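So you can see what is in the structure, the chains are spelled out below.
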Amino acid sequence: KMISDFGFDFVRIPVSYRIWSAVDNPFEIDERKIAPLDKSIEFGQKYGLHVNLCFHRIPGYCINHDENEIWDIWKDDEALEAAKFQWKSMAKRYADVNTDKLSFNVLNEAESWVTQHRYHTICKQIIKEVREISPDRLFIIDGVQWGDLPPTRLFMMEMENCGYSTRGYCPRGLTHYGLSEEFDKIKPVWPGATQREDWEYFHWSRETLDKFYSMWAALGEIYKVGIHCGEMGVYNKTPHNVALAWLEDVLDSLTERNIGYALWQFRGPF
């Protein structure tokens, strides 16, 4: 209700398969533990919010690296089979929810070293499994390299009813300042905050942001697909005036390019 009252029309719900399945048995689901997710999707419909369901932790992978998985989805087909089972279970559970009310986000933020070929294989197989149950289900596919860069191989496949999701965390020397030593080398200012690429620091400005999002918008136009910024935000250690100045430029840049956005997160340190 609060999100709706603020004027937003979209909410992305990140879930972990471990809420309802054991890490050593991802092929068994405790249906009782999915009840809160059922309720959140109902709330989305009640308050006019499109719900985007994301496997933030999928069998074999999570960007946070805070717990070990028994398989690696980028290497092990067992993890891919478990991921397909989990998504197929969601597709069956919510088959009656219209796609204009509920979309699926395959997985969250593939890392920088992941090959586009493997990423393409995972996304294509999961989407195929779901479409056998919900042929019209909208899928949102994250970019590669933590969501920053377009998954060009997937764009070129021109899969039906898929949109693509970028990120609003550039430059990370501003958005992630105070989160870890990696991002704390230089106190952020805006414009002029830095992001490290291959051990070099690059300075960002409104012009840099415009070029970054223009890259995504251009691909969206070429392939006639929607582009969304599925996460954007600033860690709460960034000076507030810097955060506001950066946020104004990011929102303007996205809006000018018809790219929707979602804040990470509704409650929490970002």
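Everything that follows concerns the structure shown earlier in this document.
Residues numbered from 1 in each chain as written. Predicted model: local features only at pLDDT ≥ 70, side-chain atom pairs only at ≥ 80, totals over all residues. Heavy atoms only, no water.

Another aspect to go through is the nonpolar core. Counting 67 residues, the largest nonpolar core has Leu-37, Trp-87, Tyr-119 and Ile-141 as the members making the most contacts within it. Among all residues touching Trp-87, those that are not within four sequence positions of it are Leu-53, Phe-55, Ile-58, Phe-104, Asn-105, Val-106, Ile-126 and Val-130. (Core = buried A, V, L, I, M, F, W, Y, C linked by side-chain atoms within 4.5 Å. Buried < 20%, exposed > 50% of the residue type's maximum accessible area, 1.4 Å probe, protein only. Contact = heavy atoms within 4.5 Å.)

This model, assessed by the stated rule, comprises one cavity of 30 Å³ or more. Within this model, the largest cavity holds a volume of roughly 30 Å³. Forming the walls of the largest cavity are Phe-10, Arg-12, Asn-52, Asn-105, Ile-140, Asp-142, Ser-165, His-228 and Gly-230. Breaking the lining of the largest cavity down by element, the ones donating at least two residues are β1 (10-16), β5 (139-142) and β9 (227-232). Considered class by class, the residues forming the lining of the largest cavity number two nonpolar, five polar and two charged. (1 Å grid on protein atoms, 1.4 Å probe; cavity = no way out; pocket = protein on both sides within 12 Å on 5 of 7 lines; lining within 4 Å. Points joined across faces, edges and corners; volume = space filled by probe spheres on them. Helix = DSSP H or I, 4+ residues; strand = E, 2+ residues; numbered from the N terminus. Nonpolar A, V, L, I, M, F, W, Y, C, P; charged D, E, K, R; others polar.)

Looking now at helix α7 (residues 206-223). Spanning 18 residues, α7 covers 26 Å between terminal C-alpha atoms, matching the ideal 26 Å at 1.5 Å per step. Among the residues making up α7, those that are buried are Leu-209, Asp-210, Phe-212, Tyr-213, Trp-216, Leu-219 and Gly-220. For α7, the elements touching its buried residues are α5 (152-157), β6 (162-168), β9 and α8 (240-256). Of the residues one or two after α7, Lys-224 is the one with positive phi, at around 55°. (Expected span 1.5 Å × (residues − 1).)

Turning next to the pattern of salt bridges. Pairs can form between side chains of opposite charge whenever their charged atoms are close. Counting across every chain of the model gives 26 salt bridges. With a closest N to O distance of 3.9 Å, Arg-12 and Asp-142 form a salt bridge. Residue Arg-12 is found in strand β1, and its partner Asp-142 is found in strand β5; the two are separated by 130 residues along the sequence. Each member of the pair Arg-12 and Asp-142 is classed as buried. For Glu-31, the salt bridge is made with Arg-93, and the minimal N-O distance between the two is 2.3 Å. (Salt bridge = Lys/Arg side-chain N within 4 Å of Asp/Glu carboxyl O.)

Where strand β7 (residues 194-197) lies against strand β8 (residues 200-203), four bridges are found, and the strand directions are antiparallel. Residue pairing across strands places Thr-194 opposite His-203, the latter belonging to β8. In this antiparallel pair of consecutive strands, β7 and β8, the connection spans two residues, and Asp-198 shows a positive phi of 50°. (Pairing = 2+ DSSP bridges.)

Moving on, we come to the packing of aromatic side chains. By the definition in use, this model includes 16 aromatic pairs. When the centroid spacing of 6.4 Å and the interplanar angle of 85° are considered together, the rings of Trp-20 and Phe-55 count as edge-to-face. In this pair, Trp-20 sits in the loop between β1 and α2 (35-46) while Phe-55 sits in strand β2 (residues 50-58), placing the two residues 35 residues apart along the sequence. Across the pair, exposure class does not vary: Trp-20 and Phe-55 are buried alike. Ring centres 4.7 Å apart and planes at 75° place the aromatic pair Phe-55 and Trp-87 in the edge-to-face group. Placement of Phe-55 in strand β2 and of Trp-87 in helix α3 (residues 77-93) is noted, with a sequence separation of 32 residues between them. Taken individually, Phe-55 and Trp-87 each receive the classification buried, so the pair is uniform in this respect. Ring-pair connections join several aromatic residues into one group, and the members of that group are Trp-20, Phe-55, Trp-87, Phe-104 and Phe-139. Between Lys-39 and the ring centre of Phe-43, over which it is positioned, the NZ or CZ distance is 6.0 Å. (Phe/Tyr/Trp six-rings, centres within 6.5 Å; stacked < 30°, edge-to-face > 60°. Lys NZ or Arg CZ within 6 Å of the ring centre and 35° of its normal.)

This part is about the state of the cysteines. This structure, assessed with the given rule, holds zero disulfides. In this structure Cys-162 is not part of a disulfide, and its nearest cysteine sulfur, from Cys-123, lies 8.5 Å away. With no disulfide partner, Cys-170 has as its closest neighbouring cysteine sulfur the one in Cys-229, 9.3 Å distant. (Disulfide = S-S within 2.5 Å.)

Here Asn-236 is to be found in the loop between β9 and α8. Note: C-alpha distance between Asn-236 and Leu-179 (57 residues apart in sequence) is 8.9 Å. A polar contact of 3.2 Å, which involves the side chain of Asn-236, links it to the side chain of Lys-237. (Polar contact = N/O pair within 3.5 Å; in protein donor to acceptor, adjacent residues only side chain to side chain.)

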